[in-house]
Amino acid sequence: MESRKIVYRETGIVALGQVIGLALMYVVFALLNRFDQSVLLGGLLGTVLSIANFFFMAVSATLASDKAINQDVKGGKSLMKGSYFLRLALIFLILFAGIKSGLCHVLSSVLPLVFVRPIITIAEFFRKGDVKQA
């Protein structure tokens, strides 16, 4: 039960960061006079995919750690590898379809996937600050 709360909390943090990053990206596209419907749809698609990717990665990691605790390390590793491959393949196929159809702008679709690492880094920076104060 505790791991479920952690997964939801961390996914919420990533989702909040994604929304902020998406808004900033839209502002930059608007300032460059390049904002259109394809940028809007691409950004939304990329954001939803990156949040879903993070959520399913966290769920898979939790399940794999449960397997490792139950002395099934090999099963945990194969679960993580399979999850990684499946998530990447789905992201690729969905992005490819959106971009190839012309509905989504390439850069606005892919950038939200890059936002995840900086979001996690910033969240950890603030989390460490909270720990020092407590």
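**Regarding the packing of helix H2 (residues 37–69) against helix H3 (residues 73–100)**
- Close contact between H2 and H3 brings their axes to 8 Å; oriented N to C, the two are set at 170°. In terms of their interaxial angle, H2 and H3 are classed as roughly antiparallel. Packed against H2, whose contacting residues are Leu45, Leu49, Asn53, Phe56, Met57, Ser60, Ala61, Leu63, Ala64, Lys67 and Ala68, the element H3 presents Val73, Gly75, Gly76, Leu79, Met80, Ser83, Arg87, Ile91, Ile94, Leu95 and Gly98 at the interface.
- Looking at side-chain class alone, the contact of H2 with H3 contains 14 nonpolar, 6 polar and 2 charged residues.

**Overview of the nonpolar core**
- Counting 10 residues, the largest nonpolar core consists of Val14, Leu22, Met25, Tyr26, Phe29, Val39, Phe54, Phe115, Val116 and Ile119.
- Secondary-structure elements contributing two or more residues to this core are helix H1 (2–31), H2 and helix H4 (106–133).
- Among the elements that take part in this core, H1 stands out by supplying 5 residues, more than any other.

**Quick notes on the confidence of the model for the protein chain**
- In this model, the protein chain carries a mean pLDDT of 91, and residues with pLDDT of at least 70 account for 95%.
- Averaged over each element, pLDDT in the protein chain is lowest for H4 (85) and highest for H1 (95).

How each quantity is defined
Residues numbered from 1 in each chain as written. Predicted model: local features only at pLDDT ≥ 70, side-chain atom pairs only at ≥ 80, totals over all residues. Heavy atoms only, no water. Axes fitted to C-alpha atoms, helices over the stretch in contact; angles between N-to-C directions. Helix = DSSP H or I, 4+ residues; strand = E, 2+ residues; numbered from the N terminus. Parallel < 35°, antiparallel > 145°, perpendicular 65-115°, else oblique. Contact = heavy atoms within 4.5 Å. Nonpolar A, V, L, I, M, F, W, Y, C, P; charged D, E, K, R; others polar. Core = buried A, V, L, I, M, F, W, Y, C linked by side-chain atoms within 4.5 Å. Buried < 20%, exposed > 50% of the residue type's maximum accessible area, 1.4 Å probe, protein only. pLDDT = per-residue confidence, 0-100.

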